[in-house]
Every structure is written in C-alpha cells, then in structure tokens.
Amino acid sequence: AQSVTQPDIHITVSEGASLELRCNYSYGATPYLFWYVQSPGQGLQLLLKYFSGDTLVQGIKGFEAEFKRSQSSFNLRKPSVHWSDAAEYFCAVGAPNTDKLIFGTGTRLQVFP
Amino acid sequence: DTGVSQDPRHKITKRGQNVTFRCDPISEHNRLYWYRQTLGQGPEFLTYFQNEAQLEKSRLLSDRFSAERPKGSFSTLEIQRTEQGDSAMYLCASSLVDSPLHFGNGTRLTVT
C-alpha cells in the first residue's frame, strides 16, 4: 500500500539557517511526489513536484527537493530560511492517472529570529 | 484564475444536524477532490470526480456522507446526522488530468 512518512513532527531553525525536511515513501512503482505548505487556517499551496526526469527539482520560494529512488526519499531543502517560511509542510505521493494524493502527517517548521 | 473557492469557511453545528459544503473549482479543471484534515494530521482522501462522474470513494466516506458534482462544475459535500468525530477541516481541490492539485482554503466544521 502507498504511504508517506515524515519522521520529524516539529523542527525549529534560526532565520538564515539551512533547512532539510525528510520524506520517505512506499510505492510499488515510480510515484509522483509533491511538497505542499500550509499556513494556519489555510489550504495547501504546492511548493514543487516530481513526475519524472531530473531528480533535483526546483520549486517556489527558493525550495528544492531531491528524489532518491534507492532511499525511497524526497527530502525538501532550502539554503537559507526566512521567518515567513514558518508553516506546516506536507509531503505527498500520487499515482499516475488518478491524481489522488496520499499525504504524510506533516512537519511543523518554526523559525526563530 | 480565481483559485478554488470553498463556502462556508467555518461551520458550527449541533450533533445530529445536517450540513452541506460547497466547492467551486478552477473553471477549466475537470477533476475535483474532497479531503478531510484533522488536527495534527495530513489531509485524507475522501472522494474525487472527473467531470460529473464520481470515480472513487474512500472507506472513510461513510453512508452519512454524500458528494455530488451535478454539472461537472461546482461540487457539494453533505454530512447527515453529524457526529463530534466529523469535526475537521474539509478541503476541496481541483486539477487537470496528471497535473498538480490546487487546494481551496477549506471549510472548518465544528460539531458540538
């Protein structure tokens, strides 16, 4: 069965520090992979997606993620975090042709000045 | 592109009452999804439509829940005889085939 694991429930970083949010997935074939961000009381905004091709994908707001098939991982990175990046981040896996997404439980990011 | 619109933003209801939520997708999107999100969890898939056809329903969608998309445009999600366990954020999303989902801001339901 498809599943997504985000091992870190809560991460705190200082503004300007680098960030890596972990995501591991379980899927029988090459999945579609996504990172979404959610601010309190809001819906989800797509940061980036991986469908195929280059395993390092660039997204909005300076985020990037790398698909590593051998590790079943799709970790999200940002070289320098801004206070406005504080939010909940969700990794998701999708099956081609359905677009139905399975989400992880999320990682809450806090940013200190 | 006005985005996915959901109404109402918040709904407080008493246990046993029926509630209905509306979702207006991005106009050219033919797929529409409903998800439920409880506190501290990621969104969980409930159901999705392609045009007016409901193609899949999760086992989470009990017989008290019904979703429609009568003309392939907006959709409604109705919960009958609400229970306290139905309290959650109900998220709607839309997409084109094999394209990322665009989410609305959700309807927060509180059942007292």
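Here goes a summary of the coordinates provided. What you see is a predicted model; the values in this text were computed from it and never measured. Position numbers for residues count from 1 along each chain, tracking the sequence in the order it is written. Here every chain gets a letter starting at A, and every ligand a number starting at 1, in the order they are written. Given that the model is predicted, a residue must reach a pLDDT of at least 70 before its local features are reported, and side-chain atom pairs must reach 80 or more before they are shown or counted; all residues, however, enter totals for whole chains, interfaces and linings. The basis for the side-chain values is all heavy atoms of the structure; hydrogens and waters are excluded.

The next thing to look at is the state of the cysteines. Covalent bonding between the sulfur atoms of two cysteines defines a disulfide. All names here are of chain A. Any cysteine sulfur atom paired with another within 2.5 Å is treated as part of a disulfide. All told, the structure shown has 2 disulfides over all chains when counted by the stated rule. Disulfide pairing is shown between C23 and C91; the S-S distance is 2.0 Å. One disulfide, between C23 and C91, carries an S-S torsion of -65° and so falls in the left-handed class. Here C23 is found in the loop between β3 (19-21) and β4 (24-26), whereas its partner C91 is found in strand β10 (residues 87-94), with 68 residues between them in sequence. Each member of the pair, C23 as well as C91, carries the same accessibility label: buried. Starting at the N terminus, helices and strands are each numbered in turn, a helix being any DSSP run of H or I of at least four residues and a strand any DSSP run of E of at least two. Accessible area is worked out with a 1.4 Å probe on protein chains only. A residue is then buried under 20% of its type maximum, exposed over 50%, and partly exposed in between.

A few words on the pairing of β10 of chain A. All names here are of chain A. Counting buried positions over the 8 residues of β10 gives 8, a clear majority of the element. What makes two strands pair is DSSP finding at least two bridges between them. Two strands pair when backbone bridges link them, and strand β5 (residues 32-38) and β10 are joined in this way by 7 bridges, in the antiparallel orientation. When the bridges of β10 are listed, W35 appears paired with C91. For β10 and strand β12 (residues 107-112), the ladder comprises 3 bridges, and the chain directions are antiparallel. Opposite A87, over in β12, you have L109 as the bridge partner. In this sheet, strand β11 (residues 101-103) lies alongside β10 in antiparallel orientation, the contact comprising 3 bridges. Bridging across to β11, V93 finds its partner in I102.

Throughout this description, the term nonpolar core refers to a set of buried Ala, Val, Leu, Ile, Met, Phe, Trp, Tyr and Cys residues connected via side-chain atoms within 4.5 Å. Residues L19, W35, L47, L48, F74, L76 and Y89 of chain A are the most contacted members of the largest nonpolar core, which totals 26 residues. Those elements that provide at least two residues to this core are β2 (10-14), β3, β5, β6 (44-50), β8 (64-68), β9 (73-78), β10 and β12 of chain A. Tallying contributions element by element places β10 of chain A first for this core, with 4 residues. Listed in part, the 19 residues of the second largest apolar core include F21, W34, I79 and A88 of chain B.

What follows deals with the pattern of salt bridges. Residues and elements named next belong to chain A. By convention in these notes, a salt bridge is any Lys or Arg side-chain nitrogen within 4 Å of a carboxyl oxygen on Asp or Glu. Taken as a whole and judged by the stated rule, the model has 9 salt bridges over all chains. The salt bridge partner of E66 is R77, with a shortest N-O separation of 3.3 Å. Here the residue E66 occupies a position in strand β8, and R77 occupies one in strand β9, the gap between them amounting to 11 residues. In this structure, R108 and E88 form a salt bridge, with 2.8 Å as the shortest nitrogen-oxygen distance. One end of the pair, R108, is in strand β12; the other, E88, is in strand β10, with 20 residues separating them in the sequence. For R108, a relative accessible area of 41% translates into the label partly exposed. Counted as one network, the salt bridges with shared partners bring together E64, E66 and R77.

The subject of this paragraph is the pairing of β6 of chain A. The two faces of a sheet get side chains in turn, since along a regular strand they alternate between them. Residue and element names in this part refer to chain A. Pairing between β5 and β6: 6 bridges, direction antiparallel. Across the sheet, Q38 pairs through a bridge with L44, a residue of β6. Hairpin connection between β5 and β6: a loop of 5 residues separates the two successive antiparallel strands, and G41 in this loop has a positive phi of roughly 75°.

Next up on the list: the interface of chain B and chain A. The accessible area lost on association of the parts is a frequent measure of interface size. Here, residues are in contact when the closest pair of their heavy atoms is within 4.5 Å. At the interface, 24 residues of chain B touch 21 residues of chain A. Two parts placed together each lose some accessible area under a 1.4 Å probe, and adding up what both lose gives the buried area. Buried area between chain B and chain A, both sides added, is near 1700 Å², and the carbon and sulfur share of it is 50%. Considering only the surface of chain B that becomes buried against chain A, D98, P100 and F103 of chain B emerge as the three largest contributors, covering 30% of it. Where chain B meets chain A, there are 1 salt bridge. For K100 of chain A, the salt bridge goes to E56 of chain B, with nearest N and O atoms at 2.6 Å. Within 3.5 Å is the distance limit for a polar contact, defined as a pair of N or O atoms, with the added protein rule that one can donate a hydrogen and the other accept it, and that residues adjacent in sequence qualify only through two side-chain atoms. If you look at where chain B meets chain A, you find 5 residue pairs in polar contact (both at pLDDT 80 or more). For the side of chain B that touches chain A, the elements supplying multiple residues, two or more each, are β4 (31-37), β5 (44-50) and β9 (88-95) of chain B. With 4 residues, the single largest contributor to the side of chain B that touches chain A is β4 of chain B. When residues are grouped by polarity, Ala, Val, Leu, Ile, Met, Phe, Trp, Tyr, Cys and Pro land in nonpolar, Asp, Glu, Lys and Arg in charged, and all others, Gly among them, in polar. Class assignment of the residues belonging to the side of chain B that touches chain A gives a composition of 12 nonpolar, 8 polar and 4 charged.

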